[in-house]
Amino acid sequence: MLPGHLEPTLVDLLGKILGRSVSILKCSPVRGGCIHHATELKTGQGSFFLKYNRIEELANFQAEARGLRLLESAGALKVPQVLLVSDSGSHAFILMEFILPGPHSDDFWTTFGHSLANLHWNTSSRYGLDHDNFIGRLSQSNTWHNNWISFFIEERMGAQLKLAKQKGLTSSNLHTAFEALFKRLPNLIPDEPPSLLHGDLWSGNFLVGPKGEACIVDPAVYYGHREAELAFTRLFGGFEPQFYSSYMNAWPLKEGWEERVGLFNLYPLMVHLNLFGKGYLREIYDILSKFS
Ligand code: ADP
């Protein structure tokens, strides 16, 4: 069931986009998301994917739409087409193409790997983005930097550390360990040009599309170090080996990238600390003790 005022707004706006009247036949909840209400909207004109939440989340949906459109324009991977972002009464929503799940094609992981490398070929003169966005519910600053190290320290790890301090989640030991790491960082991370990244590529943020291809959703895009993206895929178990070998065939990463996975994942782990609490501290300390 949609909140009462959403349905007439959707019928009206969707009708304008499609140029014909639309009726909503059924709303079925879609599971798997972490933040918003997700629904398959079955209409007389086909299915659409709707995410909605309280009006305070409008900026989050606007940023998601910008991110999806940027990824779509890169043309490397299937991305759902965004139809509209709007609000109605006390709710905000994003409406997009519904991805009908297809069968996993035999070359799914291989194609996914080299398509991601193709996405990463999209570059920029600096690290960051022309707007800030969100990672989950947290705001993500994308202020431009000329080098990755300062971007990674200030806009990623440092920003999360500051937030964690405000939330009372840190100790002086944690700050000391990060300070030590920040000093060593230029010697630990090899240079890479800025790459267009999905930015939140874990296993919950891709689907198998209608042709058996990977379809990426729910991004936190920016131009960053591509090892950050590959590390993210390893955060909760990792993708299949063919994915990594195919990526490496298309555009090899510098030697030792697998040993640096933890280093890059300090950012999403700090995000998890801020979103879900101190349960993530142990892993953060383990990584810090390895690198600082
Ligand atoms: P949240 O922002 O709350 O984390 P997601 O964007 O991850 O929500 O979406 C929730 C779930 O809906 C995902 O796990 C995914 O399986 C599914 N999903 C996301 N986008 C689409 C889409 N365009 N079509 C069909 N299913 C989708």
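For clarity, every value in this text was computed on a predicted model and none was experimentally measured.

A. Looking closely at the pattern of salt bridges. Scanning all chains against the criterion turns up ten salt bridges. Here Lys51 and Asp218 are joined by a salt bridge, their closest N and O atoms 3.6 Å apart. One end of the pair, Lys51, is in strand β3 (residues 46-54); the other, Asp218, is in the loop between β10 (214-216) and β11 (222-224), with 167 residues separating them in the sequence. Judged by relative accessible area, Lys51 falls into the buried class, the value being 8%. Residue classification places Asp218 among the partly exposed residues on the basis of a relative accessible area of 29%. Each of the salt bridges in this network shares a partner with another, and the network as a whole consists of Lys51, Glu64 and Asp218.

B. Broad picture of the pairing of β3. Across seven bridges, strand β2 (residues 37-43) lies against β3 in antiparallel orientation. Along β3, the bridge assignment pairs Thr39 with Leu50. A loop of two residues connects β2 with β3, the two strands running antiparallel in sequence.

C. Spotlight on the sheet that holds strand β1 (residues 24-29). The antiparallel open sheet is built from five strands, whose spatial order is β1-β2-β3-β5-β4. Each end of this open sheet is capped by a strand with a single partner; those strands are β1 and β4 (82-88). Taking the axes of each pair of neighbouring strands and ignoring which way they run, one obtains an average angle of 25 degrees across the sheet. Against the sheet, helix α1 (residues 6-18) contacts β1, β2, β3, β4 and β5 (91-97), and its axis sits at roughly 145 degrees relative to β4.

What counts, and at which threshold
- Residues numbered from 1 in each chain as written.
- Predicted model: local features only at pLDDT ≥ 70, side-chain atom pairs only at ≥ 80, totals over all residues.
- Heavy atoms only, no water.
- Salt bridge = Lys/Arg side-chain N within 4 Å of Asp/Glu carboxyl O.
- Helix = DSSP H or I, 4+ residues; strand = E, 2+ residues; numbered from the N terminus.
- Buried < 20%, exposed > 50% of the residue type's maximum accessible area, 1.4 Å probe, protein only.
- Pairing = 2+ DSSP bridges.
- Axes fitted to C-alpha atoms, helices over the stretch in contact; angles between N-to-C directions.
- Contact = heavy atoms within 4.5 Å.

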